[in-house]
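Letter by letter, the chains look like this.
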Amino acid sequence: MAQDLIAGIAKDRLEKLAQREAKRYATARPTAKAALAKGADAYLGGVPLHWMTDWPMPHLPLVARAKGARLTDIDGYEIDDFCLGDTGSMFGHSPAPVAKAIRAQAPRGLTYMLPTEDALAAGRLLQEVFGPFRWQIATTATDANRFAIRVARAITGRPKILVFNGCYHGTVDDVMVELSGGKTQNRQGLMGQVADLTLGATAVEFNDLTAVEAALKTGEIAAILTEPVMTNSCMVLPDAGFHDGLRLLSRRYGALLIIDETHTISSGLGGYTAVHSLSPDIFVVGKCVAGGLPTAVWGLSDETAKRYEEANAKRAPGHSGMGTTLSANPLQFACLKATLGEVMTAKNYAHMEKLAERLSHGLAEVIARHKAPWHVVRVGARVEFTEAGHAHQPQAEAALHTALLNRGSLIAPFHNMMLVSPATKKRQVDRLITAFNDVLTELFS
Ligand SMILES: Cc1ncc(COP(=O)(O)O)c(C=O)c1O
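Residues numbered from 1 in each chain as written. Predicted model: local features only at pLDDT ≥ 70, side-chain atom pairs only at ≥ 80, totals over all residues. Heavy atoms only, no water.

A. Quick peek at the packing of aromatic side chains. Applying the stated rule across the entire model yields 15 aromatic pairs. An angle of 80 degrees between the planes, with centres 5.9 Å apart, marks the rings of Trp135 and Phe283 as edge-to-face. Taken together, the residues Trp135 in strand 6 (residues 134-138) and Phe283 in strand 13 (residues 282-285) connect sequence positions 148 residues apart. The pair Trp135 / Phe283 is uniform in exposure class, with both members buried. Aromatic side chains Phe385 and Phe436 sit 4.8 Å apart centroid to centroid with 50 degrees between the ring planes, which places their arrangement in the tilted category. One end of the pair, Phe385, is in strand 16 (residues 382-387); the other, Phe436, is in helix 13 (residues 426-444), with 51 residues separating them in the sequence. Residue Phe385 is classed as buried on the basis of its relative accessible area, which comes to 1%. The exposure class of Phe436 is buried, given its relative accessible area of 0%. (Phe/Tyr/Trp six-rings, centres within 6.5 Å; stacked < 30°, edge-to-face > 60°. Helix = DSSP H or I, 4+ residues; strand = E, 2+ residues; numbered from the N terminus. Buried < 20%, exposed > 50% of the residue type's maximum accessible area, 1.4 Å probe, protein only.)

Next comes the structure, spelled out in structure tokens:
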């Protein structure tokens, strides 16, 4: 009789592993369990951010502290952190220059609605690291993308943003669409959204330049908004010539090209844009750009900046719909300056690249050894193993993630993503590969 398989794993073996590892986790963390029982009720659903319910463990650990690539929880476990706050801490937890910058700024005021000398230094560094864009500071990458979209619509006078099916650019309502049966529709699962988002966004498949051109030909597209690599839909790499095609077509049809580097900043110094010589009209990056302090930046190319100024000069008085009160505060500038100047360095990226290659190679070897129907994809410091066909397999992911955590390694709760920071050690990478091998031995041999 054919076996029941999940992600290529025999269902009974997976269930056995899942049950044992869940029990092991829960037994090992009585302090967190008791604390949560006393304090988590204040939060809707028992968590301060509902995304935290995506973690697969029977209950959450409570973090006591984090430093470099290591978390310590209140039950005393030291955990090798490959999730790194889902990229917010990609350069390690509290990098020394950033911690120092926070200590220096803390007694000097936290938000003024006025710039500082650090703001000027950070602006110069943004241009050095990412290119000669004209910058604005936001607090989240979601906001940065929202503002980039506004600018694109304002200067082209067109309504729609072209995005790729399965993309994620933050909780930007405007582009919460997907393809279904070849048609763009509001994403399933969107809560409380009553607007017809297809009036302002069109989705096509990534790597499908024919569909991109067909959408651009309508004359309705203000901008293409894309990650250089689709990191939020497993990891879909661009086909050869895809980015050149996007640039060519967007220019031909008068649309802007917005590149969202929030995750692909893992590619190397300056992000995928610098490493692969892309030339976006608007560049967006957030999450780790200020070393973990909530900050995002969006930059306009010279020509786009000129067009923006013209559009701005012509607009009616009143609110532009862009900006938030606490953005561009002095603490952000202090952390941006420290991160761009001392943390986001070629030397640190070289370390990340080398260890991520070791991790990727090690995981691929384990997968091959066990003939698992999985493969590994890497974009610089970002590594992901995925099941064949790129399908998410939540049941398999949950069992595997808990089993890895019980062996001391934390990977992201969203798909099977791992990040390597400048603080990550070779031994941490090797421990994760060994744990992965342990688990696959049980599941496949
Ligand atoms: C590519 C990309 N852009 C933007 C965002 C939004 O970032 P934030 O949640 O910090 O606003 C994300 C978040 O995962 C992302 O993956």
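B. How the structure looks around the site of the ligand. Taken together, 13 residues sit near the ligand, with Thr142, Asn232, Asp260, His263 and Lys287 positioned nearest. A distance of 2.9 Å is found between an oxygen atom of the ligand and a side-chain nitrogen or oxygen belonging to Asn232. One of the side-chain N or O atoms of Asp260 is found 2.6 Å from a nitrogen atom in the ligand. Expressed as a share of its isolated accessible area of 390 Å², the protein-covered part of the ligand is 89%. Among the elements that line the shell around the ligand, the one with the most residues is helix 5 (residues 141-156), at three residues. For the shell around the ligand, the residue count by class is two nonpolar, eight polar and three charged. (Near = heavy atom within 4 Å. Polar contact = N/O pair within 3.5 Å; in protein donor to acceptor, adjacent residues only side chain to side chain. Areas by Shrake-Rupley, 256 points an atom, 1.4 Å probe, with all protein chains shown as cover. Nonpolar A, V, L, I, M, F, W, Y, C, P; charged D, E, K, R; others polar.)

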